[in-house]
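As a plain string of letters, each chain reads:
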Amino acid sequence: MSIPRGSTFLLSLVVVVGCSDNTGPGEGFPDPRPFTPDTEGLRPFPEFPDNPLTREGVALGRRLFHDPILSLDHTQSCASCHDQAHAFSDPRRFSEGVDGSLGTRNAPALANAAWLREFFWAGRAPSLEDQAREPVPNPIEMALPWDEAIPRLTAHAEYPELFGRAFGTIEIDEDRVVKAIAQFERTLISNHSRYDRHLRGELELTTAESRGERLFFNETGECFHCHGTLFFTDEEYHDNGLDLAPVDPGRQAVTGREPDHGKFRTPTLRNIEHTAPYMHDGRFDTLEQVMDHYSSGVQPSPNLDAVLRVHGPPGLSLTEPEKADLIAFLKTLSDLEFLENPDFGPE
Ligand code: HEC
Ligand code: HEC
């Protein structure tokens, strides 16, 4: 335990909290209470031995995720580019950083990220903790160096106590900040879409939706090869033929391997109706455009995926009714409980 000398505020804080009868290790804070999210219909919640979910940790992460205190000029939070109404994606093609500068990729939706192995479009971060280290100091995002972020949080009227409750110590550091944010992100679970409820026998799909479901999972649509499982991603990297000569190296930037050029991690399709624009560079505004791409726009790029090669180029040659049915099915993945859950918003 270390308390900065001369800080009467912090000392009195510890004394007050120390009066609680259920005192835990560290600075007299009660032990944080374990938190078990609802994962009905999905795989069991993974274990995170280095950062187990607690009510206090999740609450702190939620607050940090929505707080512009982590950006240089106090204008931007994680939620500025990961908006709950858009399933935590950004409706702008390229997100704007604090100084107005633009990135080159569209902010992906966040849902069921607890189960993912790698993060970012090209998978360069191996955990949500590692991912969260990047946007804060990134000059085209929040642009606040960590060695300025930590004193800001430490000087704040409430954060030291919130860290105390979550981690047993009022000492704030980068690790604890990213741990709390990762805990919150892992609670962003989408499992109440119409499709989930259909699988639980709670409702019937319409005939168009059922036709779309069959196309999605059969060799006419081929979608399931990459967007399979209830997470709607195989978590692998593919080139789905957007460009003959992809400009963004994608996965190659991480592995250095030529066969990975132009490949991106298959994105989840959960809440896809609400996460436009689409693809790593947000090039498509509508699901109709996405269907036209898979049907007749697939480019014979050097690393085009074998599944899409079988049908072309130019693509899967879907009929107009098939495209409409696929879109009807994709819209069954919208989860209004997720988009409106007050536990995910700002306090
Ligand atoms: C200025 C906009 C912006 C801000 C602010 C921002 N992000 Fe992002 N985020 C993005 C973009 C763009 C990407 C995709 C970048 C890439 O893949 O190269 C991304 C990717 C991610 C991913 C990876 C998702 C996946 O499926 O792989 C996570 C998780 C994430 N951000 C969380 C956060 C957190 C936590 C914060 C706040 C600490 C934050 N973001 C702040 C724009 C932003
Ligand atoms: C070979 C693997 C593969 C197949 C087959 C495939 N996809 Fe994809 N899909 C991807 C990848 C990879 C991306 C991201 C590509 C990028 O951004 O560069 C993607 C992106 C998308 C997106 C945009 C998601 C977003 O968040 O921006 C939608 C929608 C989509 N696919 C739907 C489908 C549908 C519907 C089918 C079947 C007709 C299908 N995909 C078949 C791999 C595949």
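Residues numbered from 1 in each chain as written. Chains lettered and ligands numbered in written order. Predicted model: local features only at pLDDT ≥ 70, side-chain atom pairs only at ≥ 80, totals over all residues. Heavy atoms only, no water.

Draft legend 1. Local environment of the site of ligand 2. Neighbouring ligand 2 are 24 residues; Cys 223, Cys 226, His 227, His 280 and Tyr 294 lie closest to it. Take Met 279: an N or O atom from its main chain is 2.7 Å from an oxygen atom of ligand 2. Between ligand 2 and Tyr 294 there is a distance of 2.7 Å, counted from a nitrogen atom to a side-chain nitrogen or oxygen. Taken together, the elements giving at least two residues each to the shell around ligand 2 come down to helix 10 (224-227) and helix 12 (287-297). With four residues, helix 12 is the single largest residue contributor to the shell around ligand 2. (Near = heavy atom within 4 Å. Polar contact = N/O pair within 3.5 Å; in protein donor to acceptor, adjacent residues only side chain to side chain. Helix = DSSP H or I, 4+ residues; strand = E, 2+ residues; numbered from the N terminus.)

Draft legend 2. Inspection of the coordination of the iron atom of ligand 2 at higher detail. Listed as protein donors to the iron atom of ligand 2 are His 227 (NE2) and Tyr 294 (OH); their distances from the metal cover 1.9 to 2.1 Å. Seen from the iron atom of ligand 2, its six donor atoms lie at angles of 84 to 179 degrees, and the figure they make is octahedral. In this pair, His 227 sits in helix 10 while Tyr 294 sits in helix 12, placing the two residues 67 residues apart along the sequence. Both residues of the pair, His 227 and Tyr 294, belong to the buried class. (Donors = N, O, S within 2.8 Å, 3.2 Å for Na, K, Ca; no water. Tetrahedral: all angles 85-135°; square planar, octahedral: opposite > 155°, others 65-115°. Buried < 20%, exposed > 50% of the residue type's maximum accessible area, 1.4 Å probe, protein only.)

Draft legend 3. Region of the structure containing the pattern of salt bridges. Evaluation of the coordinates by the stated rule reveals 23 salt bridges. Across the pair Asp 175 and Arg 133 runs a salt bridge, and its minimum N-O distance is 3.0 Å. Here Asp 175 is found in helix 7 (residues 174-186), whereas its partner Arg 133 is found in the loop between helix 4 (128-132) and helix 5 (146-155), with 42 residues between them in sequence. Assessed through its relative accessible area of 40%, Asp 175 is described here as partly exposed. What makes Arg 133 partly exposed here is its relative accessible area of 26%. The network of salt bridges with common partners includes Asp 130, Arg 133, Glu 174 and Asp 175. (Salt bridge = Lys/Arg side-chain N within 4 Å of Asp/Glu carboxyl O.)

Draft legend 4. Up close: the packing of helix 2 (residues 55-65) against helix 7. Interaxial distance between helix 2 and helix 7 falls to 7 Å at its minimum, and their mutual angle equals 100 degrees. When the axis of helix 2 is compared with that of helix 7, the two are roughly perpendicular. Between helix 2 and helix 7, the residues in contact are Gly 57, Val 58, Leu 60, Gly 61, Arg 62, Leu 64 and Phe 65 and Val 177, Ala 180, Ile 181, Gln 183, Phe 184 and Glu 185, respectively. In terms of residue class, the contact of helix 2 with helix 7 is built from eight nonpolar, three polar and two charged. (Axes fitted to C-alpha atoms, helices over the stretch in contact; angles between N-to-C directions. Parallel < 35°, antiparallel > 145°, perpendicular 65-115°, else oblique. Contact = heavy atoms within 4.5 Å. Nonpolar A, V, L, I, M, F, W, Y, C, P; charged D, E, K, R; others polar.)

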